[in-house]
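Residue-level structural notes
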Amino acid sequence: MDAPKERWVGRDAGPVVRPYAMTRGRTRPRGAAIDLVTILVATGQQPGDRVWLSREQRRLLELCRQPSTPADLASETDLPFQVVQILLADLHQYGLIEEMRQSEEPDRPDPRILMRVLDELRRL
């Protein structure tokens, strides 16, 4: 019996990787979910000896050297938001990223106000 062939999107794209393969089969983050507009930043700590980071997690950690939101990170990595949310929750649990407090953020509008504006725009 032949082994199943890999499914390729295109010659340059490579094989298809299912999202659950990147999250080790999980469909929800451990602990509290990270909000779409939460600003995250890398803590500068190194992963412990027992922490294994996937290629996607290493990329997210690299991007978090600059303050970023999960929405921006999902866009930058071309990964589904749910996958990014799970991977970020793992990085947060390992102490490799943290949420920026409101006082640390540059002059940005309150995310709650932005969400209300977005909701009102959708109603139009």
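Residues numbered from 1 in each chain as written. Predicted model: local features only at pLDDT ≥ 70, side-chain atom pairs only at ≥ 80, totals over all residues. Heavy atoms only, no water.

Going through the model one piece at a time under the given rule, you end up with 5 salt bridges. Between arginine 65 and glutamate 62 there is a salt bridge, with the nearest N and O atoms lying 3.5 Å from each other. Glutamate 62 sits in the partly exposed class, given a relative accessible area of 41%. The salt bridge involving arginine 122 is made with aspartate 119; its shortest N-O contact spans 3.9 Å. One end of the pair is arginine 122 and the other is aspartate 119, both in helix H5 (residues 111-123) and 3 residues apart, which spans about a single turn. (Salt bridge = Lys/Arg side-chain N within 4 Å of Asp/Glu carboxyl O. Buried < 20%, exposed > 50% of the residue type's maximum accessible area, 1.4 Å probe, protein only. Helix = DSSP H or I, 4+ residues; strand = E, 2+ residues; numbered from the N terminus.)

Looking now at the packing of helix H3 (residues 70-77) against helix H4 (residues 81-93). Taken N-terminus to C-terminus, the directions of H3 and H4 make an angle of 115°; their axes are 9 Å apart at the nearest point. In the packing of H3 onto H4, the handedness of the crossing is right-handed. Contacts between H3 and H4 involve Pro70, Ala71, Leu73, Ala74 and Thr77 from the first element and Phe81, Val84 and Leu88 from the second. Looking at the contact of H3 with H4 residue by residue, the class counts come to 7 nonpolar, 1 polar and no charged. (Axes fitted to C-alpha atoms, helices over the stretch in contact; angles between N-to-C directions. Left-handed = near helix turned anticlockwise from the far one by under 90°. Contact = heavy atoms within 4.5 Å. Nonpolar A, V, L, I, M, F, W, Y, C, P; charged D, E, K, R; others polar.)

To continue, consider the nonpolar core. If you look at the biggest cluster of nonpolar residues, it comprises 17 residues, and the most contacted ones within it are Leu60, Leu73, Val84, Leu88, Leu91 and Ile97. Elements that contribute at least two residues to this core include exactly helix H2 (55-63), H3 and H4. Element by element, the count of residues in this core is highest for H4, at 5 residues. Once residues within four sequence positions are removed from consideration, isoleucine 97 is found in contact with Leu40, Val41, Ala42, Thr43, Leu61, Cys64, Leu88, Leu91 and His92. (Core = buried A, V, L, I, M, F, W, Y, C linked by side-chain atoms within 4.5 Å.)

Our focus in this paragraph is the confidence of the model for the protein chain. Here the protein chain averages 79 in pLDDT, and 73% of its residues register 70 or above. Within the protein chain, strand S3 (residues 40-42) carries the highest mean pLDDT (93), whereas strand S2 (residues 14-15) carries the lowest (53). (pLDDT = per-residue confidence, 0-100.)

The subject of this paragraph is H2. Of all the residues in H2, the buried ones are Glu56, Gln57, Leu60, Leu61 and Leu63. Within H2, the buried residues cover an arc of 160° as seen down the axis, which keeps them to one side. (Arc of directions from axis to C-beta.)

Another point: unusual backbone geometry. Its identity as a non-glycine residue notwithstanding, aspartate 78 has a phi of 60°, on the positive side. On the secondary structure map, aspartate 78 appears in the loop between H3 and H4. Here aspartate 78 falls in the exposed class, since its relative accessible area comes to 69%.

Further remarks concern the side chain of glutamine 85. Tracing the chain through its elements places glutamine 85 in helix H4. Exposure remark for glutamine 85: the relative accessible area of 10% places this residue in the buried category. A distance of 2.9 Å separates a polar side-chain atom of glutamine 85 from the backbone oxygen of isoleucine 34. Once you skip the residues sitting within four places of it in the chain, glutamine 85 turns out to touch Pro29, Ala33 and Ile34. (Polar contact = N/O pair within 3.5 Å; in protein donor to acceptor, adjacent residues only side chain to side chain.)

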